Amino acid sequence: MPDGSKVDLNRNSRLIYPKVFDGESRSVELVGEAFFDVAKNPNSPFVITSGKAVTRVLGTSFNVEARASQDVAVTVV
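Residues numbered from 1 in each chain as written. Predicted model: local features only at pLDDT ≥ 70, side-chain atom pairs only at ≥ 80, totals over all residues. Heavy atoms only, no water.

**Points about the overall build of the protein chain**
Going by this rule: Comment: elements are numbered from the N terminus, with helices defined as DSSP H or I runs of at least four residues and strands as E runs of at least two. Only C-alpha atoms enter the radius of gyration; for comparison, a globular chain is expected to reach 2.2 Å times N to the power 0.38, where N is the number of residues. Exposed residues in this analysis have more than 50% of their type's maximum accessible area, buried residues have under 20%, and partly exposed residues fall in between, with area computed by a 1.4 Å probe over protein chains only.
Along its length, the protein chain carries zero helices and seven strands. For 77 residues, the compact-globule estimate of 2.2 N^0.38 gives 11 Å, and the C-alpha radius of gyration of the protein chain, at 12 Å, lies within 12% of that figure. Seen through its principal axes, the protein chain has C-alpha atoms that stretch 35 × 25 × 20 Å. Expressed as a percentage of the 77 residues in the protein chain, the buried residues total 32%.

**Things to note about the side chain of Ser44**
Quick reminder of the rule: Contacts: residue pairs with any heavy atoms within 4.5 Å of one another.
Following the sequence through the fold, Ser44 ends up in the loop between β3 (26-37) and β4 (46-50). Taking the relative accessible area as the measure of exposure, Ser44 reaches 9% and is therefore buried. Other than its neighbours up to four places away in sequence, Ser44 contacts Glu24, Ser25 and Arg26.

**Thoughts on the pattern of salt bridges**
In plain terms, the rule: We define a salt bridge as a contact between a side-chain nitrogen of Lys or Arg and a carboxyl oxygen of Asp or Glu at a distance within 4 Å.
What the rule picks out here adds up to one salt bridge. Notably, a salt bridge pairs Arg26 with Asp3, separated by 2.5 Å at the nearest N-O pair. Remark: Asp3 occurs in the segment before β1 (6-9) and Arg26 occurs in strand β3; sequence separation between them is 23 residues. Owing to a relative accessible area of 24%, Asp3 belongs among the partly exposed residues under this scheme.

**Quick notes on the pairing of β4**
Note the cut-off: Should DSSP find at least two bridges between two strands, the strands are regarded as paired.
Of all five residues making up β4, four are buried, and the element is well covered by its neighbours. In the sheet, β3 pairs with β4 via four bridges, with the strands oriented parallel. Considered in β4, the bridge of Ser27 is made with Val47. Relative to strand β5 (residues 53-57), β4 is paired through five bridges, and the arrangement is antiparallel. Considered in β5, the bridge of Val47 is made with Arg56.

The following block contains the structure:
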């Protein structure tokens, strides 16, 4: 990712993100499932929109599962 964060996408998943994070947050959109290892930045939260859920973190590792047929599940390591 442009900020040094790492993302591992599961099969049939998609992540939409800008080439450069600018503004007050680092926003991405997830369809499917991914493991995130977010670079710490207390001045710019990392925001994942997945379905109707929005996950906002400053820097941690976690998994997000957002399939069309179920609710969104976030699991923190």
